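Each chain is listed here by its residues.
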Amino acid sequence: QVEVVESGGGLAHPGGSLRLSCTTSGFVFTIYTMAWYRQSPGKERELVASMTGGGNKNITESVKNRVSISRDNSENTVFLEMTNLKPEDTGVYLCNAKSTLMPMSMREYWGQGTQVTVSS
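Throughout what follows, the structure given in this document is the object of discussion. Just so you know, these numbers come straight off a predicted model, no measurement behind them. (Residues numbered from 1 in each chain as written. Predicted model: local features only at pLDDT ≥ 70, side-chain atom pairs only at ≥ 80, totals over all residues. Heavy atoms only, no water.)

The secondary structure content of the chain amounts to 0 helices and 11 strands. Counting from the amino terminus, the chain carries its helices and strands in the arrangement β-β-β-β-β-β-β-β-β-β-β. On C-alpha atoms alone, the chain measures out to a radius of gyration of 14 Å, which is about the 14 Å that the 2.2 N^0.38 rule sets for 120 residues. Seen through its principal axes, the chain has C-alpha atoms that stretch 45 × 25 × 25 Å. Across the 120 residues that make up the chain, the buried fraction comes to 39%. Across the chain, the fraction of contacts at a sequence separation of at least 24, relative to all contacts at a separation of at least 6, is 54%. Approximately 6400 Å² of the chain is accessible, and the part contributed by carbon and sulfur atoms is 48%. (Helix = DSSP H or I, 4+ residues; strand = E, 2+ residues; numbered from the N terminus. Rg over C-alpha atoms; globule rule 2.2 N^0.38 Å. Buried < 20%, exposed > 50% of the residue type's maximum accessible area, 1.4 Å probe, protein only. Contact = heavy atoms within 4.5 Å. Areas by Shrake-Rupley, 256 points an atom, 1.4 Å probe, with all protein chains shown as cover.)

Spelled out as structure tokens, the structure:
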């Protein structure tokens, strides 16, 4: 059974920091690209950062100076570290696992998301 579970969200003040975690099980973690998406009210879901099993990273330009992504392949977990938080970072952060090597039914998984609210 596949599980993708995010944690670490919450309320933060502008300028603060948060570290999100996404713990997974039920699939071969290392062959999946792991990504974090943000769903903000009234906006389309957007990619924040992604990281391949081999360590290649992609971070959206608008947050590049404030966000880092990392993964622990031994723990099947991916992290998103955000600093200097801004109100526009508010949203539900969703963890995504994707592998084009797998058949369609096993190609992509999503977590339920963790809410991040940045407010003074």
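The next thing to look at is a nonpolar patch on the surface. Together, Val28, Ile31 and Leu101 make up a nonpolar patch on the protein surface, roughly 290 Å² of accessible area in all. Residue placement: Val28 occurs in the loop between β3 (18-25) and β4 (33-39). Val28 sits in the partly exposed class, given a relative accessible area of 48%. (Patch = residues over 30% accessible without salt bridge, like charges linked within 9 Å, V, L, I, M, F, W, Y side chains within 5 Å. Salt bridge = Lys/Arg side-chain N within 4 Å of Asp/Glu carboxyl O.)

Here we take up the environment of Tyr37. Position of Tyr37 relative to the elements: it lies in strand β4. For the pair Tyr37 and Val92, spaced 55 residues apart in sequence, the C-alpha separation works out to 8.2 Å. Among residues more than four places away in sequence, those in contact with Tyr37 are Arg45, Glu46, Leu47, Val48, Val92, Tyr93, Leu94, Asn96 and Trp110.

For the rest of this paragraph, the subject is the side chain of Arg66. Along the chain, Arg66 falls in the loop between β6 (57-59) and β7 (67-72). In contact with Arg66, not counting residues within four places along its chain, are Glu81, Met82, Thr83, Asn84, Leu85, Lys86 and Asp89.

Spatially, β1-β3-β8-β7 is the arrangement adopted by the 4 strands of the open sheet, whose pairing is antiparallel. Two strands close off the open sheet at either side, each with one partner strand: β1 (3-7) and β7. Put simply, the sheet's adjacent strands are angled 15° from each other on average, direction ignored. Bridging between β1 and β3 involves 5 bridges; their strand directions are antiparallel. The partner of Glu3 across the bridge, within β3, is Ser25. (Pairing = 2+ DSSP bridges. Axes fitted to C-alpha atoms, helices over the stretch in contact; angles between N-to-C directions.)

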